[in-house]
Amino acid sequence: MGKEIEKILLSRGHTVETADPVTAAKYKEITPAILETADVVIDFSAPSAVEKNCDVYVKGKTPVVMGTTGWENIREQVAKKVEAAGIGFIWGSNYSVGANLFINFVGKATALVNNFPEYDVLLHEFHHKRKKDSPSGTAIWAAEEIIKNSSQKTKIVTERLDRQIAADELHVSSTRGGDIPGTHTVMYDSFADTIEITHKARNRNGFALGAVLASEWIINKKGFIKVEDFFKELLK
């Protein structure tokens with residue numbers, strides 16, 4: 001991700017001061033001195049590094065785009081530190097521009113379908129054989145958006161169904177195999193036809209672009225901001 005983000009930053013005219021120890025970096029660790037010349041930090045490191053890194057960002061009063069996941073157990077204390085420092089901090093698991101557009105499409109489409117009770121809605125996703133979770137976080141995110149906007153669906157069901165599904169249940173199913181980067185499809189199906197909204201990830205470029213867009217936006221902003229809220233603001 002670091003290499004992809006760096007490519008996009010340079011293509012958009014930004015100067016990169018990198019502290020990534022994996023690449024041929026100018027610096028090997030993050031310090032307040034490095035941050036003196038930085039407008040923003042983009043962090044896709046590791047959960048174990050988040051707290052230590054954030055202490056440095058807060059001390060340097062540097063805005064942050066946090067793409068690292070798995071630090072839910074310290075989220076509350078990080079939020080308090082960010083708010084006390086008065087900096088902007090965007091966090092979340094999915095910076096993909098396409099995935100965020102997909103979620104917005106799904107929410108709007110579901111609201112429209114409320115006018116036509118003949119259509120039932122369901123969701124299926126495909127991922128590569130190495131993926132450890134099922135369904136994916138993006139699938140659950142899309143399902144929650146459907147529930148939020150639907151007048152018919154109130155419950156998400158992710159397990160195998162050996163029974164008839166209830167009218168208020170949204171079935172979210174998954175397939176694992178091959179090298180599929182990620183495909184999510186929401187179907188609105190009636191006796192007459194089927195409408196599908198599909199997002200297919202090809203590579204990490206969309207995630208990297210989203211992180212760069214977030215870094216351009218967060219400068220001079222304040223608050224502990226979810227990436228979904230950033231995209232909603234961007235899409236206005």
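Preceding this section is the structure that the text describes.
Now for a quick tour of the structure. Since the model is a prediction, treat every value here as computed from it, not as a measurement.

Side note on the packing of helix 1 (residues 2-11) against helix 7 (residues 205-218)
- Packing of helix 1 against helix 7 leaves a shortest axis separation of 9 Å and a crossing angle of 55°. Taken together, helix 1 and helix 7 sit at an angle that is classed as oblique. Two packed elements cross with a definite hand, and for helix 1 against helix 7 that hand is right-handed. Between helix 1 and helix 7, the residues in contact are Glu 4, Ile 5, Ile 8 and Leu 9 and Asn 205, Ala 208, Leu 209, Ala 211, Val 212 and Ser 215, respectively.
- Tallied by class, the residues present in the contact of helix 1 with helix 7 amount to seven nonpolar, two polar and one charged.

A few points about the nonpolar core
- In this structure, Cys 54, Tyr 57, Met 66, Trp 71, Val 78, Phe 89 and Phe 224 are the most contacted members of the largest nonpolar core, which totals 19 residues.
- Listed by contribution, the elements that provide at least two residues to this core are helix 3 (47-60), strand 2 (64-66), helix 4 (75-85) and strand 3 (88-91).
- Residues within four places of Tyr 57 in sequence aside, it is in contact with Ile 30, Leu 35, Val 41, Asp 43, Thr 62, Val 64, Met 66 and Ile 87.
- Val 106, Ala 139, Val 172 and Val 186 belong to the second largest nonpolar core, which has 18 residues in total.

What to know about the sheet that holds strand 4 (residues 120-127)
- Strand order across the open sheet formed by five strands is 5-6-4-7-8, with mixed pairing between neighbours. One side of each edge strand has no neighbouring strand; the edge strands of this open sheet are strand 5 (155-157) and strand 8 (194-200). Averaged over all pairs of adjacent strands, the angle between strand axes in this sheet comes to 20°, irrespective of strand direction.
- The pairing of strand 5 with strand 6 (residues 169-176) spans three bridges and is parallel. When the sheet's bridge partners are listed, Lys 155 is paired in strand 6 with Glu 169.
- Taken strand by strand, helix 5 (residues 97-113) contacts strand 7 (183-189) and strand 8, and its axis lies near 165° from that of strand 8.

Reading the values: rules and limits
Residues numbered from 1 in each chain as written. Predicted model: local features only at pLDDT ≥ 70, side-chain atom pairs only at ≥ 80, totals over all residues. Heavy atoms only, no water. Axes fitted to C-alpha atoms, helices over the stretch in contact; angles between N-to-C directions. Helix = DSSP H or I, 4+ residues; strand = E, 2+ residues; numbered from the N terminus. Parallel < 35°, antiparallel > 145°, perpendicular 65-115°, else oblique. Left-handed = near helix turned anticlockwise from the far one by under 90°. Contact = heavy atoms within 4.5 Å. Nonpolar A, V, L, I, M, F, W, Y, C, P; charged D, E, K, R; others polar. Core = buried A, V, L, I, M, F, W, Y, C linked by side-chain atoms within 4.5 Å. Buried < 20%, exposed > 50% of the residue type's maximum accessible area, 1.4 Å probe, protein only. Pairing = 2+ DSSP bridges.

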